Amino acid sequence: MAHGPRIVDLDRLVIRPGSGWERLPPVAGAVGVVFTALSIVLARGSGESTKQFFHSWLVAVVFFLCIGLGCLFFVLIHHATKAGWGVVVRRLAENLACTVPVLAVLFIPVVALGMYDLFHWTHADAVAHDRLLRVKEPWLNETGFWIRTGIYFVVWSGLALYFRNASRRQDDSGDETLSHRMARFSPVAVALFAVTLTFAGFDWLMSLEPHWYSTMFGVYFFAGTVVSAFAALTVLTLAFERSGHFRGVITGEHFHDLGKLLFAFTVFWAYIAFSQFFLIWYANIPEETNWFLSRLHGTDLNPADWRPATMLLAIGHFAVPFFFLMPRTIKRNRTLLLVGALWMLAMHLWDVFWLVMPNLHREMTFSLLDLTCLLGVGGVFLATAGWLLNRGSLVPSRDPRLVESLAFENI
Amino acid sequence: MAQSQDNTHEPVAGRAPLIVGGYDFRSLTEAVAEPVERKTPIGWWLFFLPSLAMLGLFGVSIGWLFWEGTGIWGLNNPVNWGFAIVNFVFWVGIGHAGTLISAILFLFRQKWRTSINRAAEAMTIFAVMCALVFPGIHVGRVWVAYWMFPLPNQMDMWPNFRSPLIWDVFAVSIYGTVSLMFWYVGLIPDLATIRDRAKTRIKQIAYGVFALGWRGSHRNWLHYERAYLMLAGLATPLVLSVHSVVSMDFATAQLPGWHTTIFPPYFVAGAIFSGFAMVMTLMLICRVVFKMEDIITMRHLENMAKIMLLTGCMVGYAYGIEMFIAWYSGNPYEQFAFANRALGPYAWAYWIMVSCNVITPQLFWFKKMRNHIGWLFISSILINIGMWFERFVIVTSSLHRDFLPANWDYYQATFWDFASLIGSFGLFFTMFCLFARFLPLVATAEVKTVLPEADPHQGEELVRVVRGGGDAAAAPQAAPAGGGGA
Amino acid sequence: MRLPRLRPRRPVGEGPDMGLMQLDVPEASGGYSHYGVLARFRTAKELYRACEAVRDAGYSKWDALTPFPVHGLEKAMGLKPSKLPFVVLATGLGGAGLGFGLQSWVHIMAYPLVISGKPLFTWPAFVPVTFELGVLGAALGAVLGMFAFNKLPTYHHPLFRSPNFARVTDDGLFIAIEAWDPKYDDQDTAEFLSGLGAAEVEHVPIEDPADDGDGAEGA
């Protein structure tokens with residue numbers, strides 16, 4: 001290269017005074033509060049709308065939780081593999097992961113109030129007449145559910161805060177031993193993460209239909225989580241670049257890599273989703289097919305049925321992004337990559353909706369509460385993320401591998 | 001370990017060297033080409049002749065099988081799938097590590113793979129060969145084995161494409177084909193190296209024909225690298241699909257212990273696990289026999305140990321989830337199948353499997369154990385044994401307790417079962433010995449790219465980091481061009 | 001890059017006609033005294049700089065020849081990205097389409113048979129074989145396409161006449177400028193390359209001086 005080195009000024013990698021990012025926490029927070037209040041008002045309308053509220057709220061919280069958890073996974077894997085390329089985006093992931101404790105606050109009280117409406121296995125009369133529910137009682141009981149939920153949130157929040165704090169301490173001290181320490185701890189953290197995420201999926205989503213079981217479900221939940229995290233990370237990185245914060249820091253090479261990972265996990269999700277469906281469809285055992293039957297009943301084109309919803313998932317979560325995200329040129333084009341990432345976020349939301357809502361509606365139904373809950377939780381999520389991002393550098397500015405990451409080029 | 005340099009400690013700034021011993025392009029060529037060019041060492045015969053004897057046993061056992069029929073095996077009424085399927089799944093699984101190393105690690109830019117990928121890919125091909133033998137011979141009436149292929153015939157009959165066994169035929173044969181192409185494409189530049197160094201006319205022609213006239217043109221490298229990248233991109237989903245399809249031989253059935261949705265990814269993880277154990281065994285021997293300790297370094301071994309730990313934990317996760325869901329399902333058949341696995345007549349096999357596959361790799365949490373050659377060797381053997389038993393447990397423990405208690409029976413392998421298992425190792429090792437003797441064991445052209453002097457921007461500063469308004473003197477950190485992979 | 005000609009053409013050199021695909025040499029090349037100039041460079045860095053210089057000097061019929069792919073050299077040479085991905089996409093989709101078509105045809109028309117109570121058109125059960133055949137098609141496209149773009153096998157090439165050139169598969173980093181390049185000149189081009197820091201510069205003969213018709217060997 002004939003031209004000289006690219007100069008990156010690390011002290012300027014914070015949110016600039018007066019930029020829109022500074023106003024994000026109050027604005028998003030206001031939106032969150034207003035729509036949460038509106039949701040509660042709407043929920044008080046009738047017994048039906050209360051039920052709807054709890055389901056919509058579960059969809060919204062799980063959707064944003066997936067983003068935070070997937071980002072936590074990215075951070076853990078980054079340290080475990082001592083990766084170099086992604087150091088420049090790692091701080092964004094660290095911050096998004098730290099929304100998990102706030103989402104816990106949104107999750108616990110609401111789900112606690114809605115246990116009866118959400119989970120059939122909490123109905124004492126149903127358990128009394130249902131042998132299967134009786135057999136499962138040692139697992140599916142409210143005490144156990146809340147102990148486990150507590151453990152999940154403590155583990156996730158602890159990991160998210162530990163990795164963000166250690167990384168930020170390095171910003172100040174430049175202490176390289178912190179990198180070693182995080183790398184050493186991360187494999188253990190991955191193991192903890194895998195187990196907690198699996199059982200969270202079992203408890204919160206699989207037990208909505210308490211008779212159904214699938215050993216793959218934890219992996220399915222994980223796959224969707226990672227897809228949404230890479231999509232969100234891509235969107236956030238692009239947003240910071242648009243606002244002029246990452247000029248000369250993030251290059252097309254980094255976007256190419258983010259796009260590749262988004263593509264890879266989209267395919268991985270499809271592999272897991274198809275395998276789960278396929279094995280149950282093929283063996284055709286009644287106690288398993290029920291779950292898919294309620295999502296496949298009806299005709300192809302009737303929008304009131306769940307069948308088109310399932311088809312949208314297959315096409316929109318796999319077929320379309322598979323061909324869209326495959327070419328190299330799209331992953332290196334900011335606008336098209338943004339379209340792809342936003343699309344995958346929307347599809348992940350659809351995935352969570354599809355997992356939860358057939359529990360409530362035999363026919364596919366949208367409600368105003370779906371929207372208000374999403375905006376309520378989303379507002380709080382963005383306010384938290386914005387508040388975290390406004391504190392300190394946007395990249396791990398003294399990470400020993402930062403320079404390697406800045407100079408990174410794809411094969 | 002008499003290492004000339006320890007490269008297992010990753011510095012936080014920069015990267016540890018991938019190969020040690022101060023090689024340059026020329027000495028690297030020498031080191032890799034030397035085993036191909038020198039006189040056959042006596043040690044090679046020590047490995048080759050026993051392998052050939054085992055291969056002979058394989059021939060005898062297959063011949064006897066064709067003559068006498070599957071009755072020579074220990075199959076009985078409920079357990080009508082025995083060693084043949086166990087061996088088939090085992091060998092397909094062994095192959096998967098080769099593709100993981102050559103394709104998936106390539107996509108993840110793990111440059112350390114360059115020292116071991118050639119041998120691992122070769123291993124893949126030989127393992128797939130071994131695997132393909134078993135479905136071929138266990139069909140009973142081998143003379144109509146061609147019914148498995150969609151060939152037009154006078155009966156106007158077609159295979160049932162809804163059958164997982166037909167998916168196997170396609171998946172495994174295509175896997176073999178694609179692996180062979182991938183391996184061959186990687187070999188072309190190295191075959192050209194041997195061609196250009198060859199002294200005898202026969203060698204010049206033999207290697208020259210397969211080198212296709214390769215002359216290192218960069219206009220060729222351009223397409224070559226793109227083809228290689230795309231083959232890696234294709235081999236990655238292919239390798240996932242192959243063991244997924246194999247798992248569906250079991251998981252599409254309704255038999256408790258077979259029908260469980262986690263089987264596809266669980267089988268893939270187990271396949272990579274066992275394959276890495278086999279690569280480890282082979283590499284530990286090869287690096288000593290061919291004096292390649294500086295090319296296949298401690299760091300390579302340690303990274304492989306880490307992958308074995310990861311995949312071992314995945315396998316353990318799957319065992320655990322299977323047990324949990326069997327209980328959680330509330331389905332008495334599921335519950336029985338898994339209780340019977342751990343406590344029934346085949347409990348011995350189950351606990352061999354758990355201790356070899358889940359407990360053994362846990363020691364790899366400790367760096368000391370990852371760097372202990374003796375333990376690496378022992379654990380790689382133990383894991384191979386454990387992974388063979390995993391398939392044995394799945395096949396027999398689910399079958400021997402049928403839905404009808406009147407059918408219950410116990411499967412006992414016969415001499416000929418063991419003969420074909422040992423014989424398949426003969427085929428595998430014979431092929432591997434021939435490979436190690438006549439072809440370059442290490443992908444020389446690829447290893448050359450990880451030498452520092454292969455980087456056209458060596459020592460150039462690509463990015464300069466400053467703090468505070470462009471004051472370059474504040475804390476400049478220079479980016480050395482082209483950091484290696486982890 | 002052009003696809004190989006279907007019509008075989010005699011190579012200019014009198015080497016044995018082993019190549020399935022012939023060199024892309026102009027018809028009128030009989031008049032050239034040399035194949036071109038071959039220069040060896042000591043390091044990848046020097047080679048990279050030299051390639052940039054040759055590109056900037058406006059040469060078009062030239063090549064860099066190296067024992068391993070030098071990272072980013074295609075940029076220094078000004079090469080366009082490979083078109084191979086399009087071939088692979090086409091053959092991959094073709095393989096998958098063929099696979100799905102075959103299975104559907106077999107189960108609906110050629111040999112309809114109800115198995116395990118499932119409909120004749122059981123598309124989910126066709127997915128594994130469709131996928132495998134798609135991968136097979138794509139992989140064949142990648143390998144055979146690469147061979148076609150690179151004109152492999154080409155067993156004979158004038159560069160093999162240079163005794164130095166055997167190093168190209170060992171440690172030699174070369175640039176070859178062909179005589180039929182419009183900017184080529186026997187003297188000037190050689191001097192230009194040594195000016196770029198080449199360790200050795202030589203003229204490669206287009207015909208083997210000692211060639212009696214079948215003596216020169218490519219392999």
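Quick caveat, the model's predicted, so the values are computed rather than measured.

With that out of the way, let us pick up the overall build of chain B. Across its full length, chain B carries 15 helices and two strands. In terms of overall size, chain B behaves like a compact globule, its C-alpha atoms giving a radius of gyration of 25 Å where 486 residues would be expected to give roughly 23 Å. Over its C-alpha atoms, taken along the principal directions, chain B stretches across nearly 85 × 60 × 45 Å. With 486 residues in all, chain B has 63% of them scored as buried. For chain B, contacts bridging at least 24 residues in sequence account for 79% of all contacts bridging at least 6.

A tally of regular secondary structure across chain C gives five helices and four strands. Listing every helix and strand of chain C by position from the N terminus yields β-α-β-α-α-α-β-α-β. Within the span of chain C, comprising 219 residues, buried residues form 51% of the whole. Considering only contacts in chain C between residues 6 or more positions apart, those separated by 24 or more positions represent 78%. A total accessible area of about 9900 Å² is found for chain C, and carbon and sulfur atoms account for 61% of it.

Here we take up the packing of helix α3 (residues 83-107) of chain B against helix α13 (residues 373-399) of chain B. Residue and element names in this part refer to chain B. Two elements in contact, α3 and α13, have axes separated by 9 Å at closest approach and are oriented at 135°. As judged from the angle between their axes, α3 and α13 are oblique. For the pair α3 and α13, the crossing hand works out as right-handed. Contacts from Phe 83, Ile 85, Val 86, Asn 87, Val 89, Phe 90, Gly 93 and Ile 94 of α3 reach α13 at Asn 384, Met 387, Trp 388, Arg 391, Phe 392 and Val 395.

A word on the sheet that holds strand β2 (residues 62-65) of chain C. Residues and elements named next belong to chain C. Read across the open sheet, the four strands follow the order β2-β3-β1-β4; overall the sheet is antiparallel. Taken across any chain shown, the strands that pair with only one partner, and hence form the sheet edges, are β2 and β4 (200-205). Put simply, the sheet's adjacent strands are angled 20° from each other on average, direction ignored. When strand β1 (residues 34-41) meets β4, the two strands line up antiparallel, connected through six bridges. Its bridge partner lying in β4, Ala 39 is registered against Val 201. Strands in contact with helix α1 (residues 44-56) are β1, β2 and β3 (173-178); relative to β3, the strand with the most contacts, it is inclined by about 20°.

Bringing the pattern of salt bridges into the picture now. Here the structure, examined in full by the defined rule, presents 24 salt bridges over all chains. Residue Arg 109 of chain B is joined to Asp 257 of chain A by a salt bridge in which the shortest nitrogen-to-oxygen separation is 2.4 Å. Highlighted residues: Arg 109 of chain B in the loop between α3 and α4 (117-137) and Asp 257 of chain A in helix α10 (residues 252-283), drawn from two different chains. Its relative accessible area of 4% is what places Asp 257 of chain A among the buried residues. Glu 302 of chain B is paired through a salt bridge with Lys 367 of chain B; the nearest N and O atoms lie 3.1 Å apart.

We now examine the interface of chain B and chain A. At the junction of the two partners, chain B supplies 58 residues and chain A supplies 65 residues. Across the interface of chain B and chain A, roughly 5200 Å² is buried in total on both sides, 64% from carbon and sulfur atoms. Put simply, chain B and chain A have one salt bridge between them. Applying the counting rule to chain B against chain A returns 17 residue pairs in polar contact (both at pLDDT 80 or more).

Core analysis: the largest hydrophobic core is formed by 365 residues, its most contacted members being Trp 156 and Trp 204 of chain A, Trp 91 and Phe 250 of chain B together with Ile 175 of chain C. Counting residues per element, this core draws most heavily on helix α2 (residues 47-80) of chain A, which supplies 20 residues. Ignoring sequence-local partners within four residues, the contact set of Ile 175 of chain C consists of Val 37, Leu 38, Ala 39, Phe 41, Leu 47, Ala 50, Cys 51, Val 54, Trp 62, Asp 63, Ala 64 and Leu 193 of chain C.

Moving on to the confidence of the model for chain C. All names here are of chain C. Confidence in the prediction of chain C, expressed as mean pLDDT, is 82, and 80% of residues score 70 or more. Summarising per-element confidence for chain C, the mean pLDDT is lowest in β4 (90) and highest in helix α4 (residues 123-150) (96). Per-residue pLDDT stays below 50 along residues 1-22; that stretch engages in 41 contacts with residues further than four places along the chain or on separate chains. Long-range and interchain partners of residues 211-219, a stretch whose pLDDT sits below 50, account for 16 contacts in this model, where long-range means more than four residues apart.

To continue, consider the packing of helix α9 (residues 298-328) of chain B against helix α11 (residues 347-359) of chain B. Residue and element names in this part refer to chain B. Viewed as axis vectors pointing N to C, α9 and α11 meet at an angle of 140°, and their least axial separation amounts to 9 Å. Between α9 and α11, the angle falls in the class oblique. Together, Gly 312, Gly 316, Tyr 319 and Met 323 of α9 and Tyr 350, Met 353, Asn 357 and Val 358 of α11 make up the contact between the two elements. The residue inventory of the contact of α9 with α11, partitioned by class, reads five nonpolar, three polar and no charged.

This next bit is on the interface of chain B and chain C. Taken together, the contact between chain B and chain C spans 63 residues of the former and 71 residues of the latter. Between chain B and chain C, the buried area comes to about 6200 Å², and carbon and sulfur atoms account for 68% of it. Broken down residue by residue, the surface that chain B buries against chain C is led by Arg 162, Arg 215 and Arg 219 of chain B, which jointly contribute 15%. Inspection of the region where chain B meets chain C yields two salt bridges.

Mapped onto the elements of the fold, Glu 322 of chain B is located in helix α9. Judged by its relative accessible area of 4%, Glu 322 of chain B is buried. Sequence-distant contacts of Glu 322 of chain B, that is, excluding residues within four places in its chain, are made with Thr 215 of chain A together with Thr 260, Ile 262, Phe 263, Tyr 266, Phe 338 and Arg 341 of chain B.

Now for the state of the cysteines. Counted under the stated rule, the structure contains zero disulfides over all chains. Residue Cys 313 of chain B stays outside any disulfide, its sulfur separated by 15 Å from that of Cys 356 of chain B, the closest cysteine.

On to unusual backbone geometry. Each neighbour pair has its own omega, and for Leu 152 of chain C with Pro 153 of chain C the value is -5°, a cis peptide bond. Note that Pro 153 of chain C resides in the loop between α4 and β3. Non-glycine residue Asn 284 of chain A carries a positive phi angle of around 60°. Among the structural elements, Asn 284 of chain A can be located in the loop between α10 and α11 (286-296). Its relative accessible area of 47% is what places Asn 284 of chain A among the partly exposed residues. Of note, Asp 156 of chain B is a non-glycine position whose phi angle comes to about 60°, a positive value. Relative to the assigned elements, Asp 156 of chain B resides in the loop between α4 and α5 (164-197). Judged by relative accessible area, which is 53%, Asp 156 of chain B ranks as exposed.

Here the focus is the environment of Met 216 of chain A. One can find Met 216 of chain A in the loop between α8 (177-204) and α9 (217-242). With relative accessibility at 0%, the residue Met 216 of chain A sits in the buried group. Sequence-wise, Met 216 of chain A and Val 102 of chain A are 114 residues apart; in three dimensions their C-alpha atoms are separated by 29 Å. Residue contacts for Met 216 of chain A: discarding those within four places in its chain leaves Ile 272, Ser 275 and Gln 276 of chain A together with Thr 261, Ile 262, Pro 264 and Pro 265 of chain B.

Quick look at the pairing of β3 of chain C now. With respect to burial, β3 of chain C is a largely interior element, six of its six residues being buried. Neither face of β3 of chain C is open: one carries Leu 173, Ile 175 and Ile 177 of chain C, the other Phe 174, Ala 176 and Glu 178 of chain C, and all of them are buried.

Now for helix α8 (residues 263-289) of chain B. All names here are of chain B. Taking 1.5 Å of rise per residue, the 27 residues of α8 would be expected to cover 39 Å, and the 39 Å separating its terminal C-alpha atoms lies within 8% of that figure. Counting buried positions over the 27 residues of α8 gives 24, a clear majority of the element. Directly after α8, the chain includes Lys 291, whose backbone phi takes a positive value near 55°.

Right, let's talk about helix α1 (residues 20-43) of chain A for a bit. Residue and element names in this part refer to chain A. An ideal rise of 1.5 Å per residue puts 34 Å on 24 residues; α1 measures up with 33 Å between its terminal C-alpha atoms. By the largest-angle criterion, Pro 26 marks the main kink of α1, which is about 25°. Regarding α1, the residues found buried are Trp 21, Pro 25, Ala 28, Gly 29, Gly 32, Thr 36, Ser 39 and Ala 43. On its buried face, α1 is in contact with α2, α9 and α15 (368-389).

In this section: the packing of aromatic side chains. Inspection of the entire model under this criterion finds 114 aromatic pairs over all chains. Following the ring pairs from residue to residue traces out a cluster consisting of Phe 73, Phe 74, Trp 85, Phe 193, Phe 222, Phe 230, Phe 265, Phe 268, Tyr 271 and Phe 408 of chain A. Cation over ring: Arg 295 of chain A sits above Trp 354 of chain A, and NZ or CZ is 5.4 Å from the ring centre. For the cation-ring pair, Lys 183 of chain C lies above Tyr 59 of chain C, with the distance from its terminal atom to the ring centre recorded as 6.0 Å.

What counts and how
Residues numbered from 1 in each chain as written. Chains lettered and ligands numbered in written order. Predicted model: local features only at pLDDT ≥ 70, side-chain atom pairs only at ≥ 80, totals over all residues. Heavy atoms only, no water. Helix = DSSP H or I, 4+ residues; strand = E, 2+ residues; numbered from the N terminus. Rg over C-alpha atoms; globule rule 2.2 N^0.38 Å. Buried < 20%, exposed > 50% of the residue type's maximum accessible area, 1.4 Å probe, protein only. Contact = heavy atoms within 4.5 Å. Areas by Shrake-Rupley, 256 points an atom, 1.4 Å probe, with all protein chains shown as cover. Axes fitted to C-alpha atoms, helices over the stretch in contact; angles between N-to-C directions. Parallel < 35°, antiparallel > 145°, perpendicular 65-115°, else oblique. Left-handed = near helix turned anticlockwise from the far one by under 90°. Pairing = 2+ DSSP bridges. Salt bridge = Lys/Arg side-chain N within 4 Å of Asp/Glu carboxyl O. Buried area = accessible area lost by both parts, 1.4 Å probe. Polar contact = N/O pair within 3.5 Å; in protein donor to acceptor, adjacent residues only side chain to side chain. Core = buried A, V, L, I, M, F, W, Y, C linked by side-chain atoms within 4.5 Å. pLDDT = per-residue confidence, 0-100. Nonpolar A, V, L, I, M, F, W, Y, C, P; charged D, E, K, R; others polar. Disulfide = S-S within 2.5 Å. Expected span 1.5 Å × (residues − 1). Bend = angle between axes of the 7 residues up to and from the residue. Phe/Tyr/Trp six-rings, centres within 6.5 Å; stacked < 30°, edge-to-face > 60°. Lys NZ or Arg CZ within 6 Å of the ring centre and 35° of its normal.

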